[in-house]
Amino acid sequence: MGFGNRLGWRALTGAFALLGALLAFAPGARAAERVMVAAASDLKFALDEIVADFRRAHPDGTIEVVYGSSGKFATQIRQGGPFDLYFSADIAYPRALEADGLALGRTRPYALGRIVLWSRTRDARTLTLQDLADPALGRIAIANPRHAPYGKRAEEALRAAGVWEAVQSRLVQGENIAQTAQFVQTGNAAVGIIALSLALNPALAAQGGYHLIDDALHAPLEQGFILTRRAEGNALAAAFAEFIGSEPARAVLQRYGFVLPAAAQ
């Protein structure tokens, strides 16, 4: 190949490279976005439905959700965890991340959670917190109060009911509220204090009833989410954040027992 031909080929190659770079930054070029979501375990069933609804409107995007402890996710995000959105069962965690400059925009409240007594082997509808003081009842499952908001509220309710000292030696602690429910499902605990949103799932509802714990016995389970700094420029993440406030998403949350904040004006 002659020098002139080589020069022409190089020019053409450079033009293609420039065109590729321009297309990469063109509007709509990021149609096949990927979004990673960290979510509190109480959202497992509700958020799965919400994500499925969102995917139908955004078939080219990828939404992946990891469920776990709100407190542990907050720590992971501080350490550079790969999450675009963070849904916490305690709004204090995302607000702290926001205060430290790790969020895009403000923390958005999405629901209030409720706690219930639930059992697979007993009729939990007839149980009260005072009944848990009876050693004959056996082991009691709660989420770990150190990093799981539902565990903190369970401890507060047990203390307010005057039975904390009586039950401490029989407590089985889950790393998150989903594992807590699993302890009761598998017989590792006779009764658990779990999220209403989990007790209303058809699989658990078919196994046992529940008793709603008076919310005056504990601090509110105000829940909120943020877009993290990692989501900057991710159009799909921004669209999903907006979808959480839509009527279809709110209807799903309400069906799983969440108390909704007033709709944004």
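Before going into details, it helps to say that this report is about the structure given with it. If you're wondering where the values come from, they're calculated on a predicted model, not measured in any experiment. (Residues numbered from 1 in each chain as written. Predicted model: local features only at pLDDT ≥ 70, side-chain atom pairs only at ≥ 80, totals over all residues. Heavy atoms only, no water.)

**So, the overall build of the chain**
Counting secondary structure elements, the chain contains eleven helices and ten strands. Working note: accessible area of the chain is about 12800 Å², and carbon and sulfur atoms make up 56% of it. (Helix = DSSP H or I, 4+ residues; strand = E, 2+ residues; numbered from the N terminus. Areas by Shrake-Rupley, 256 points an atom, 1.4 Å probe, with all protein chains shown as cover.)

**Quick word on helix α4 (residues 92-99)**
The periodicity of an α-helix, 3.6 residues per turn, causes residues three or four positions apart to be oriented the same way. Those residues of α4 that sit buried are Tyr93, Pro94 and Leu97. One face of α4 carries all of its buried residues, which in axial projection span an arc of 95°. Buried residues in α4 make contact with α3 (70-78), β3 (85-88), β4 (103-113), α5 (149-160) and β10 (221-228). Among the residues trailing α4, glycine 101 stands out with phi positive, at a value near 80°. (Buried < 20%, exposed > 50% of the residue type's maximum accessible area, 1.4 Å probe, protein only. Arc of directions from axis to C-beta. Contact = heavy atoms within 4.5 Å.)

**What about empty space enclosed by the protein?**
Leftover empty space is mapped by rolling, across the atoms, a probe with the size of a water molecule. Taken as a whole and judged by the stated rule, the model has one cavity of 30 Å³ or more. By volume, the largest cavity is sized at about 70 Å³. Around the largest cavity, the lining residues are Ala40, Ser41, Asp42, Gly68, Ser69, Ser70, Ala89, Ala148, Pro149, Tyr150, Asn176 and Ile177. (1 Å grid on protein atoms, 1.4 Å probe; cavity = no way out; pocket = protein on both sides within 12 Å on 5 of 7 lines; lining within 4 Å. Points joined across faces, edges and corners; volume = space filled by probe spheres on them.)

**A word on the packing of α3 against α4**
Relative to each other, α3 and α4 sit at 15°, their axes nearing to 9 Å. Between α3 and α4, the angle is such that the two are roughly parallel. Of the two possible hands of crossing, α3 and α4 adopt the one that is right-handed. Of the residues in α4, those in contact with Ser70, Gly71, Ala74, Ile77 and Arg78 of α3 are Tyr93, Ala96 and Leu97. Split into classes, the residues belonging to the contact of α3 with α4 amount to five nonpolar, two polar and one charged. (Axes fitted to C-alpha atoms, helices over the stretch in contact; angles between N-to-C directions. Parallel < 35°, antiparallel > 145°, perpendicular 65-115°, else oblique. Left-handed = near helix turned anticlockwise from the far one by under 90°. Nonpolar A, V, L, I, M, F, W, Y, C, P; charged D, E, K, R; others polar.)

**Let's talk about the packing of aromatic side chains**
Aromatic ring pairs are reported here in terms of the distance separating the ring centres and the angle at which the planes meet. Scanning the model with the defined rule gives seven aromatic pairs in all. Members of the aromatic cluster, joined through ring pairs, are Phe54, Phe87, Tyr110, Phe225, Phe240 and Phe243. (Phe/Tyr/Trp six-rings, centres within 6.5 Å; stacked < 30°, edge-to-face > 60°.)

**Let's talk about the sheet that holds β3**
Reading across the sheet, the five strands line up as β2-β1-β3-β10-β4 and stay open at both edges, with mixed pairing between neighbours. The sheet is open, and its two borders are formed by β2 (62-68) and β4, each paired with just one other strand. Averaged over all adjacent pairs, the angle separating strand axes in this sheet is 15°, with direction ignored. (Pairing = 2+ DSSP bridges.)

**Considerations on the sheet that holds strand β5 (residues 115-118)**
Pairing between the strands of a sheet comes from backbone hydrogen bonds, and it takes one of two forms, parallel or antiparallel. On the basis of which strands lie adjacent, the open sheet formed by five strands has the order β7-β6-β8-β5-β9 and mixed pairing. Each having just a single partner strand, β7 (171-174) and β9 (210-212) make up the two edges of the open sheet. In this sheet, adjacent strand axes meet at a mean angle of 30° when their direction is disregarded. In the sheet, strand β6 (residues 140-143) pairs with β7 via four bridges, with the strands oriented parallel. Across the sheet, the residue bridging to alanine 141 is valine 172, located in β7. Here α5 sits on the sheet in contact with β5, β6 and β8 (191-195), set at roughly 130° to β6.

**Quick look at the pattern of salt bridges**
Applying the stated rule across the entire model yields 16 salt bridges. Residue arginine 125 is joined to aspartate 123 by a salt bridge in which the shortest nitrogen-to-oxygen separation is 2.9 Å. The exposure class assigned to aspartate 123 is partly exposed, which follows from its relative accessible area of 33%. Among the charged side chains, a network of salt bridges with common partners joins Asp90, Arg153 and Glu156. (Salt bridge = Lys/Arg side-chain N within 4 Å of Asp/Glu carboxyl O.)

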